[in-house]
Amino acid sequence: MKISQSKVRVEPFRATPAADMTANNEILPKAAPMKKYHAAKQPSVRPVSDGASGSGETMTSLHRIRTIAQQELNLIRRMKAEAVKYQQETAIKARSEAHRLVLHARLATQREIEDMMRQVNEEIQKILADIRVIRITAQEELAAQRKFTDAAKLNSMSSSMKDIFQKSVDNIKKKKKPVTIEK
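Residues numbered from 1 in each chain as written. Predicted model: local features only at pLDDT ≥ 70, side-chain atom pairs only at ≥ 80, totals over all residues. Heavy atoms only, no water.

## As for the overall build of the chain
In step 1: For the chain, the helix and strand inventory stands at 1 helix and 0 strands.
In step 2: By the burial criterion, 2% of the 183 residues in the chain qualify as buried.
In step 3: The contacts of the chain with a sequence gap of at least 6 include a subset with a gap of at least 24, amounting to 62%.
In step 4: A total accessible area of about 17100 Å² is found for the chain, and carbon and sulfur atoms account for 59% of it. (Helix = DSSP H or I, 4+ residues; strand = E, 2+ residues; numbered from the N terminus. Buried < 20%, exposed > 50% of the residue type's maximum accessible area, 1.4 Å probe, protein only. Contact = heavy atoms within 4.5 Å. Areas by Shrake-Rupley, 256 points an atom, 1.4 Å probe, with all protein chains shown as cover.)

## Concerning the confidence of the model for the chain
Should the pLDDT be low somewhere, the predicted coordinates at that spot are not to be read in detail.
In step 1: Residues at a pLDDT of 70 or more form 66% of the chain, whose mean pLDDT is 79.
In step 2: Note that pLDDT drops below 50 for residues 15–29; the model gives that stretch 7 contacts with residues more than four away or on any other chain. (pLDDT = per-residue confidence, 0-100.)

## Digging into a nonpolar patch on the surface
In step 1: Residues Val-120, Ile-124, Ile-127, Leu-128 and Ile-131 make up a contiguous nonpolar surface patch of roughly 410 Å² in combined accessible area.
In step 2: Mapping Ile-127 onto the fold places it in helix H1 (residues 55–175). (Patch = residues over 30% accessible without salt bridge, like charges linked within 9 Å, V, L, I, M, F, W, Y side chains within 5 Å. Salt bridge = Lys/Arg side-chain N within 4 Å of Asp/Glu carboxyl O.)

## Observations regarding the pattern of salt bridges
In step 1: Evaluation of the coordinates by the stated rule reveals 2 salt bridges.
In step 2: Glu-97 serves as the salt-bridge partner of Arg-100, at 2.6 Å between the closest nitrogen and oxygen. Of this pair, Arg-100 and Glu-97 both sit in helix H1, 3 residues apart, roughly one helical turn.
In step 3: On the accessibility criterion, Arg-100 (45% relative accessible area) is partly exposed.
In step 4: Exposure remark for Glu-97: the relative accessible area of 36% places this residue in the partly exposed category.
In step 5: Where Arg-118 meets Glu-122, a salt bridge forms, and the shortest distance between an N and an O atom there is 3.4 Å. Note that Arg-118 and Glu-122 are positioned in helix H1 at a spacing of 4 residues, about one turn of the helix.
In step 6: Taking relative accessible area as the criterion, Glu-122 reaches 41% and is therefore assigned partly exposed.

Below, the structure written as structure tokens:
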């Protein structure tokens, strides 16, 4: 099998800007710097020639291609392991941050609730003080009304007693008419 020289090209792995794109063509944020892997000095790959050198040169060339492919595979595996490690670290950090935010929100909510409870208690105390003042005022009014009622009753009783006393005095006067003797 003959492979033309123009078809055999093996270049070292290079990340392109397109590698940072997602399926939606959004540029991904730059991740934390990862270790850069450089393949060991790669043996040069020469195309298989048409010459009579034979299968020995073809085998050497295939061996070199295989060696380069294995090096690339090892590099990709290391990069994948680094990516998985970075993903796990990022997930742990994200969970930690989320937990911290939830805790902070709970504490802030608890402080707000305590402030509201304090304000409500102050308002309740003010209302209770107003109720006490109103109750005391109402009791004083009621006591004054009782005094007026008692005074009116006494006045009424004294008037009726006066009337009764006056009637009895009149009756006594009528009964004691002076006796006149006629001559």
